[in-house]
Amino acid sequence: MTRQIVSVVGGKDAASASTYQSTNPARISEVVASVGMADADTFAAACRTAKEAQREWAKVPAPVRGRVIASIGRLVEANAESLARLVTEEIGKPYAEALGEVREIVDTCDFFLGEGRRLYGQTVPSEMPDKNLFTFRNPVGVAAVITAGNFPVAVPSWYLVPALLCGNAVVWKPAEYAAASGHALYRLFAAAGLPDGVLNVVFADGAETFRGLERALEEGTVQKVGFTGSSEVGRKVGELTGRHLQSACLELGGKNPMVIMPDADLDLAVEGALFSGFGTAGQRCTSLGTVIVHESVHDEFLGRFAAAVREARIGDPGQEVLAGPLLDQKFADRYEEYLTWIQPHHQVVSGETGRITPDSPRQDFTGEGGLFYHPVVVDGVRPDDRLFLEETFGPIVGVTTFRTLDEAIELANLPGYGLSSSIYTTDARNAFRFREGVSAGMVSVNNSTSGAEAHLPFGGNGKSGNGSRQSGMWVLDQFTRWQAMNWDHSGRLQKAQMDVADITPDLDFRLP
Ligand code: NAD
C-alpha cells in the first residue's frame, strides 16, 4: 500500500490543500508516497507554533539538548538501512552512497552532542578595574529551513542538528520529490523526545513556501532562513530575507572545476573525475563541472577518462553501480535541455548521449521504466560556452585545456560559482598557489570535488552562496547570536574610553 504522508506541525498532522505523488525514478510507475501538500497558511502557522515552542526549548540546558542530539544519532544509526533503502527508492541514489549519506547524519550528531557541553562564551578583560566582560551565544529563535532533494537527509541534518542543539525551533520544508525520506527523518528526530512544535515538517511547493515564508517574516516568527537549492531560487530567498533585515544561510549550485597539472598521477585523476562527475548521476552540488587539463597531458587523460566512463555501470541503484537514474522527471527534462547546449565545435568522447532505452542501451542495460541517462564527456569546451559557464546538474562533464597555472585558476573562477574545486598535482607549490587563487569555499588536492566531512566548513561563494558555512563549529554562527555583557562592580559609573588609566611612555627613548 502506498505511504500517505502529510505535514506535521506541533506534533499533529496538518491539513493538506493538494496531493503530490513522489515516485521512484528507477521505476517511474511506482509511487513511493502520496504527499499531502500544505499551503502558505499552514507554513506561516507552523512558524507561529515553532515560536511558541522555542521559548521553552531554549530553557532546556544545552548539555541536555545535546543528549537529545545523541539520541537522534543513535536512532538514525539503528534505522540506517531502512532510511538508506527509502532514499534509494525515492531518489535513485545507489544504496552504498545512500548509506554513506545516512552515516553523515550520525557523524553530525556525534559532533554536536559534545557541542552541548561546550557552546562556549568568553570572559574578556575590561579596560577598567572592577568590571567584567562576557560573551554568550544566544539561540536566534525560529529557523525556517528549505532544502533540495539530492541529499534528502544528510544536508537537512546539517541545519536541523545544530539549530536544535543551539536552542532554536525549526520549520523544515523538504523538496517535494524527496518528501518520504524527509518524513522518515522527521519521525526519527521526533522519537528522540523533542517536545511538540520544536521541529515541524511542512510539505509544500515552491510558490506556497515563498508566500508562507514572506508572511512569517512579516509576522516576526522567523529569525533565520536556511536555504539549500538552486542559485536562481536562492537569489529570491536572499532578496526576501534581506528585505526583513535577515541574512539567510544560502547553499546553492556549483560549477566545480578540476585542474590537472602535467605532473599529476593521471590514473588517480581519472578515478576522481569519474566519481565526482558521474557519482549520483552528476547530481551533487559538488559534482565535477569542467576538467581543466594541461595541454601536454590532455590526450592521454582524455583517452583514459573516456574509456573509464564508457565502462562505468549505470543501472538499478539497489545494485553495485556508479550511478542510478536522475532524481525526478523535472531533472530529466532539465538535463535533456543541457544536452542541447552541445555545439558543433564540441566532441562527445563518451559514446551515446541521452536516455538509456532498448534502442540506445548501455552494455546489456536497457533502462526501461526509469530515468536513466548515458554519462557524457564533452571535449573542446570553450570559456564562452553555456556548458562551461552554467551548472549542468546531471551526468555531463566538459573538458578544456590550459598552458599555465594562472590561466587554469582564471578558468576555474570564470563561471562565477565558488563551491568546490580540485587540483591533481605532485608539486606542493601548485597546490598552495591554486588554493590561494581559486574562489571556491572548498579545495581538494589529489581528491575529487565531492566528499565533504561532517566537521569541516561546507559552503560557497559567488553564485554558490553568500559566504555562510555549514558543519563543524562554523555553523554555530548561523544559529546563535553573540551577546556581549559588561558588569561593573566598582560602585561608580566608569566611562569606557574616558575613565581609563593612562601609563605615560617615553617614546623619545632610543638605544645608544
Ligand atoms: P530548487 O531551488 O528548485 O529547490 C530547492 C528547494 O526550494 C525545494 O524544496 C523547493 O521546493 C524549494 N523552492 C522552490 N522554489 C521556491 C521559492 N520560490 N521559494 C521558496 N522555496 C522554493 O533546487 P533543486 O533543483 O530541487 O535542487 C538542485 C539544486 O540544489 C542544484 O543547483 C544543486 O547544486 C543545489 N544544491 C546545493 C547544495 C549546497 O549545499 N550548496 C546541496 C544540494 C543541492
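The structure under discussion appears in the preceding block.
Residues numbered from 1 in each chain as written. Predicted model: local features only at pLDDT ≥ 70, side-chain atom pairs only at ≥ 80, totals over all residues. Heavy atoms only, no water.

Asks: Got a minute to help me understand the overall build of the protein in this structure?
Replies: The secondary structure content of the protein amounts to 15 helices and 20 strands. Overall, the C-alpha framework of the protein stretches about 85 × 80 × 40 Å when taken along its three principal axes. Looking at the protein residue by residue over its 512 residues, the buried ones come to 55%. In the protein, once contacts between residues fewer than 6 apart in sequence are set aside, the share between residues at least 24 apart is 74%. Accessible surface, the protein as shown: approximately 21,900 Å² in total, 51% of it carbon and sulfur. Put simply, the protein has 46 plus and 63 minus side-chain charges, and the middle of one group is 6 Å from the middle of the other. (Helix = DSSP H or I, 4+ residues; strand = E, 2+ residues; numbered from the N terminus. Buried < 20%, exposed > 50% of the residue type's maximum accessible area, 1.4 Å probe, protein only. Contact = heavy atoms within 4.5 Å. Areas by Shrake-Rupley, 256 points an atom, 1.4 Å probe, with all protein chains shown as cover. Lys, Arg positive; Asp, Glu negative; His and termini not counted. Charge placed at Lys NZ, Arg CZ, Asp CG, Glu CD.)

Asks: Explain the site of the ligand here, please?
Replies: Close to the ligand lie 28 residues, the nearest being Thr147, Lys173, Ser230, Leu252 and Glu391. Note that a nitrogen atom of the ligand is positioned 3.4 Å from one of the backbone N or O atoms of glycine 206. Elements with a minimum of two residues in the shell around the ligand: helix H7 (206-219), strand S11 (224-228) and helix H11 (329-339). Residue composition of the shell around the ligand, by class: 14 nonpolar, 8 polar and 6 charged. (Near = heavy atom within 4 Å. Polar contact = N/O pair within 3.5 Å; in protein donor to acceptor, adjacent residues only side chain to side chain. Nonpolar A, V, L, I, M, F, W, Y, C, P; charged D, E, K, R; others polar.)

Asks: Explanation requested: the nonpolar core in the structure shown.
Replies: Considering soluble globular proteins, one finds that nonpolar side chains tend to be buried as a cluster. Among the nonpolar cores identified, the biggest contains 94 residues, and Val76, Leu83, Val170 and Phe189 are the most heavily contacted of them. In terms of residue count, helix H6 (residues 179-191) provides more of this core than any other element does, 7 residues in total. When residues no more than four places from it in sequence are discounted, the contact partners of leucine 83 are Val76, Val102, Ile105, Val153, Ser181, Ala184, Leu185 and Leu188. Cys47, Val202, Ala248 and Leu250 belong to the second-largest nonpolar core, a separate cluster that totals 25 residues. (Core = buried A, V, L, I, M, F, W, Y, C linked by side-chain atoms within 4.5 Å.)

Asks: Just checking my understanding: could you explain the sheet that holds strand S1 (residues 3-5) for this structure?
Replies: Strand pairing in a sheet relies on backbone hydrogen bonds, with the paired strands running either antiparallel or parallel. Strand order across the open sheet formed by 3 strands is S1-S5-S4, with mixed pairing between neighbours. On the outer flanks of this sheet lie S1 and strand S4 (18-24), each paired with one strand and no other. The average undirected angle you get between the axes of adjacent strands in this sheet is 30°. With 7 bridges connecting them, S4 and strand S5 (residues 27-37) associate as antiparallel partners. (Pairing = 2+ DSSP bridges. Axes fitted to C-alpha atoms, helices over the stretch in contact; angles between N-to-C directions.)

Asks: Any chance you could explain the layout of surface pockets here in plain terms?
Replies: One way to see where empty space is left: roll a probe the size of a water molecule over the atoms. A volume near 320 Å³ is recorded for the second largest pocket. In this structure, the second largest pocket is lined by 16 residues; those nearest its centre are Met442, Val443, Gly451, Ala452 and Leu456. Sort the elements by how many residues they give to the lining of the second largest pocket and strand S19 (residues 442-445) lands first, with 3 residues. Among the residues making up the lining of the second largest pocket, the classes are represented as 6 nonpolar, 9 polar and 1 charged. (1 Å grid on protein atoms, 1.4 Å probe; cavity = no way out; pocket = protein on both sides within 12 Å on 5 of 7 lines; lining within 4 Å. Points joined across faces, edges and corners; volume = space filled by probe spheres on them.)

Asks: What should I look at first to understand the pairing of strand S17 (residues 396-402) in this one?
Replies: In regular strands, side chains alternate between the two faces of the sheet. Buried residues dominate S17, accounting for 6 of its 7 residues. Bridging between strand S14 (residues 288-294) and S17 involves 5 bridges; their strand directions are parallel. Bridging across to S17, histidine 294 finds its partner in phenylalanine 402. Bridge analysis of strand S16 (residues 376-379) against S17 gives 4 bridges, and the strand direction is parallel. Its bridge partner lying in S17, valine 378 is registered against glycine 398.

Asks: Quick question: what am I supposed to make of unusual backbone geometry here?
Replies: Peptide bonds are, in most cases, trans, and in most cases residues other than glycine have a negative phi. Phi angles above zero are rare outside glycine, and leucine 245 is one such case at about 60°. In this structure, leucine 245 sits in the loop between helix H8 (231-243) and strand S12 (249-251). Despite not being glycine, asparagine 446 shows a phi value in the positive range, around 55°. Structurally, asparagine 446 can be placed in the loop between S19 and helix H15 (476-479). Exposure remark for asparagine 446: the relative accessible area of 32% places this residue in the partly exposed category.

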